[in-house]
Amino acid sequence: MFHLSNASFSHGSLPVLHDITLDIVEGEKVALVGPSGAGKSSLLSVLWQQNPEQVALCPQESGLVDILSVYQNIYMGGLSRFSTLYNVFNLIRPWTSRKRDIAMICQQLGLSDKLFVSPDKLSGGQRQRVALGRALYRQQPIFMGDEPVSSLDPEQGDSLLSEVLARHSTAIVAIHSPELAIKHFDRVIALQQGRVIGDWPTADISVATLEDVYRDA
Ligand SMILES: Nc1ncnc2c1ncn2[C@@H]1O[C@H](COP(=O)(O)OP(=O)(O)OP(=O)(O)O)[C@@H](O)[C@H]1O
């Protein structure tokens, strides 16, 4: 599904990923861990480019459009599933069925009362939940998230991560919390300074293993 062989990547003239070799197969739930600047977002971006059509992406910068409502922002996640005309109608005057689908997502995300509010009136955690809703509404088999629950309280982050992972057969998620990485994923890839320094089945490691990744950076 995703394959890199001795791959390197630069941002302009700055090399940020070095000599990365990895395969991710269908059905895997993979956490990317590592200190800030290690290259997690860059690696996600390189992997996303290999299969953009099948990915529900939840980027670190939520990319919400503040002149639109929560409903419209979430609807944008599903644009590619419908015709242009149908999309225009639904963005202006939602059909009952689309409104019901998105209201249901908002209910799961604890945003029921925010459906027609604009994202600039929301807290950071609420905005992050809208970005998750937009990714869910894409309805693709692969989820890629860059710290998708970092602004949520621990309980809510834990439960929404479960929900998101249950809805996608394959997932690759950059995450800072060793506890969430161990609890929710079956493989952990650790990065330091643009290199893979560990690639383990979660069953073989502990929270302490991942804390060392941050301590030794
Ligand atoms: N748009 C950009 N232009 C230039 N350099 C960039 C850009 N984005 C990231 N970098 C650099 O690439 C390196 C890796 O950054 P990246 O965002 O991939 O790390 P990260 O592990 O995701 O960090 P964080 O946990 O803080 O999000 C860093 O040195 C960063 O400064």
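What comes next concerns the included structure.

Conventions and cut-offs
- Residues numbered from 1 in each chain as written.
- Predicted model: local features only at pLDDT ≥ 70, side-chain atom pairs only at ≥ 80, totals over all residues.
- Heavy atoms only, no water.
- Pairing = 2+ DSSP bridges.
- Helix = DSSP H or I, 4+ residues; strand = E, 2+ residues; numbered from the N terminus.
- Core = buried A, V, L, I, M, F, W, Y, C linked by side-chain atoms within 4.5 Å.
- Buried < 20%, exposed > 50% of the residue type's maximum accessible area, 1.4 Å probe, protein only.
- Contact = heavy atoms within 4.5 Å.
- Expected span 1.5 Å × (residues − 1).
- Near = heavy atom within 4 Å.
- Polar contact = N/O pair within 3.5 Å; in protein donor to acceptor, adjacent residues only side chain to side chain.
- Areas by Shrake-Rupley, 256 points an atom, 1.4 Å probe, with all protein chains shown as cover.

**Re the pairing of strand β1 (residues 2-11)**
- Alignment of β1 against strand β2 (residues 14-24), held across seven bridges, turns out to be antiparallel. Note that in β2 the partner of H11 across the bridge is L14.
- Taken together, β1 and the strand that follows it, β2, pair antiparallel across an intervening segment of two residues, in which G12 is found at a positive phi of about 60°.

**Observations concerning the nonpolar core**
- Of all hydrophobic cores here, the largest spans 41 residues; its most connected members are I74, I102, L132, F143 and I175.
- The element that contributes the greatest number of residues to this core is helix α5 (residues 124-138), accounting for six residues.
- Setting aside residues no more than four positions away along its own chain, L132 makes contact with C58, L109, F143, P148, V149, L160 and V164.
- Ranked by size, the runner-up nonpolar core spans 22 residues in total, among them L32, L43, V46 and L47.

**Observations concerning α5**
- In a regular helix each residue adds 1.5 Å, so 15 residues correspond to 21 Å; α5 covers 22 Å between its end C-alpha atoms and thus fits that length.
- Just past α5, the residue Q139 takes up positive phi, approximately 55°.

**Some details on the site of the ligand**
- Near the ligand, the surroundings consist of 13 residues, among which S36, G37, K40, S41 and S42 are the closest.
- With respect to the ligand, the backbone of G37 contributes an N or O atom lying 2.8 Å from an oxygen atom.
- Considered on its own, the ligand offers 630 Å² of accessible surface; in the complex 60% of this is hidden by protein.
- Secondary structure elements with two or more residues in the shell around the ligand: β2 and α1 (40-48).
- Counting residues per element, the shell around the ligand draws most heavily on α1, which supplies three residues.

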